[in-house]
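Descriptive structure summary
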Amino acid sequence: MANVNFDQLEREVCAAIQGASTEAELEEIRVRYLGKKGNITGLLKQIGSVALDERRVFGEKVNQLKNTVETFLAEKKSQVSPSTLKDFHFDPTLPGIAPNVGSLHPITQTIREISNIFVGLGFEVVDGREIETEFYNFTALNIPKEHPSRDAFDTFYTAKGALLRSQTSTVQVREMEKRKPPLRIIAPGRVYRPDAVDASHSFMFHQIEGLMVDGHTTFSDLKGVLHIFLRKLFGKDLQMRFRPHFFPFTEPSVEIDIRWGNRWLEVLGAGQVNPSVFKQAGYNPKNVQGFAFGVGVERIAMLRHGINDIRLFFENHVKFLEQFQ
Ligand code: DAH
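Residues numbered from 1 in each chain as written. Predicted model: local features only at pLDDT ≥ 70, side-chain atom pairs only at ≥ 80, totals over all residues. Heavy atoms only, no water.

**Considering the pattern of salt bridges**
Rule in force here: Salt bridges, as used here, are contacts in which a Lys or Arg side-chain nitrogen is within 4 Å of a carboxyl oxygen on Asp or Glu.
Tallying each qualifying case throughout the model produces 17 salt bridges. With a closest N to O distance of 2.9 Å, Asp309 and Arg311 form a salt bridge. Ionic contacts of the salt-bridge type, sharing partners, join the residues Glu124, Glu175, Lys178 and Arg179 into one network.

In structure tokens, the structure reads:
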């Protein structure tokens with residue numbers, strides 16, 4: 001029989017394991033005895049060549065030794081200190097892997113920027129409803145049934161007479177019903193129109209409505225406030241112009257253009273609140289006056305960031321969105 005002193009070998013391995021104090025040392029011992037070229041592995045390989053009458057006893061002893069060593073190794077492993085960084089050949093001076101951090105959507109960022117400017121001018125931010133009634137989207141804003149200007153604010157209807165608001169102007173009468181003048185509010189939010197989607201149209205987009213009402217706010221206040229707003233947003237050299245326009249809910253009404261390269265670009269609708277809107281809200285038009293305006297958020301964001309397609313805002317491609325961190 002292969003002349004092996006199993007007891008001595010066991011004592012030797014166990015003493016080695018006992019003396020180990022790190023995972024790495026234990027691993028070394030495991031390789032030395034149980035690895036491919038390890039002592040015990042060598043004995044296992046010999047079993048087949050041991051004389052027949054001794055083979056069973058020899059095989060049992062080798063396997064027993066192997067089991068003992070494995071058990072003891074596992075036991076010891078749970079007691080020693082875990083591997084140090086050095087054992088992993090880890091270079092702690094390498095740059096770390098930054099986790100992915102999300103960021104606010106560019107439309108949200110633009111809404112916040114615009115809102116901050118108006119908050120600085122004493123305006124309060126209020127919230128409106130996206131699902132509205134015909135009254136607040138049209139009638140209260142001086143757009144009677146069958147009036148052709150309904151077409152300009154066409155929207156999606158639901159079966160029960162509710163609709164998706166096509167303009168944030170709905171907030172005007174809702175807020176005036178709730179409070180007494182003076183009031184200075186802005187209302188950001190989504191609006192909906194059945195427009196075919198292309199580079200500059202979407203069936204859903206964002207507006208910010210503004211409304212300032214008290215006993216004496218004039219058209220020149222409107223001009224001053226919007227001038228401050230546009231210069232804060234686009235720089236102090238910005239040129240703007242007021243162009244006469246028609247909106248049912250303001251009188252007089254204007255569209256406001258800004259100079260952009262060698263063109264004029266429309267960015268806002270505005271005007272002095274039409275007395276009939278005050279009446280719908282329960283205000284006496286003899287005692288109050290003020291202005292209102294509406295600005296398209298996507299248009300502003302596109303100008304500020306040089307974006308040429310509105311669809312980019314809604315497709316949620318990370319490559320686009322991560323540029324606005
Ligand atoms: N609601 C208008 C639109 O969607 C924008 C607008 C124009 C709002 C004039 C106003 C305003 O408050 O006075 O085109």
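This is not the end of the story, as more comes after the structure.
**Remarks on the packing of helix α3 (residues 39-46) against helix α4 (residues 52-77)**
Selection criterion: A fitted line through C-alpha atoms represents every axis, and for helices the fit uses only the stretch in contact; the resulting angles, taken between N-to-C directions, go from 0 to 180 degrees. Helix numbering and strand numbering both begin at the N terminus, where a helix is a DSSP run of H or I of at least 4 residues and a strand a DSSP run of E of at least 2. Working rule for angles: under 35 degrees goes down as roughly parallel, over 145 as roughly antiparallel, 65 to 115 as roughly perpendicular, anything else as oblique. In this scheme, a crossing is called left-handed if the near helix is turned counterclockwise away from the far one by less than a right angle; it is called right-handed if the turn is clockwise. Contacts are assigned to residue pairs with any non-hydrogen atoms lying within 4.5 Å of each other. Here the nonpolar group is Ala, Val, Leu, Ile, Met, Phe, Trp, Tyr, Cys and Pro; Asp, Glu, Lys and Arg are the charged ones; every other residue, Gly included, is treated as polar.
Running from amino to carboxyl end, α3 crosses α4 at an angle of 155°, the nearest separation of the two axes being 9 Å. On the basis of the axis angle, α3 is roughly antiparallel to α4. Every pair of crossing elements has a handedness; the one defined by α3 and α4 is left-handed. Along its contact with α3, which presents Ile40, Leu43, Leu44 and Gln46, the element α4 presents Phe58, Val62, Asn63, Leu65, Lys66 and Val69. For the contact of α3 with α4, a count of residues per class yields seven nonpolar, two polar and one charged.

**Observations regarding the sheet that holds strand β7 (residues 250-260)**
The condition is simple: Paired strands, in this sense, are two strands between which DSSP finds at least two bridges.
With respect to topology, seven strands assemble into an open sheet ordered β1-β4-β5-β9-β8-β7-β6, the strand pairing being mixed. Looking along the sheet, the strands with just one partner apiece sit at the ends: β1 (124-125) and β6 (240-245). Bridge count for strand β8 (residues 263-273) against strand β9 (residues 289-296) is five bridges, and the pairing is antiparallel. When the bridges of β9 are listed, Gln272 appears paired with Phe291. The strands touched by helix α8 (residues 219-234) are β6, β7, β8 and β9; relative to β8, the strand with the most contacts, the crossing angle is about 145°.

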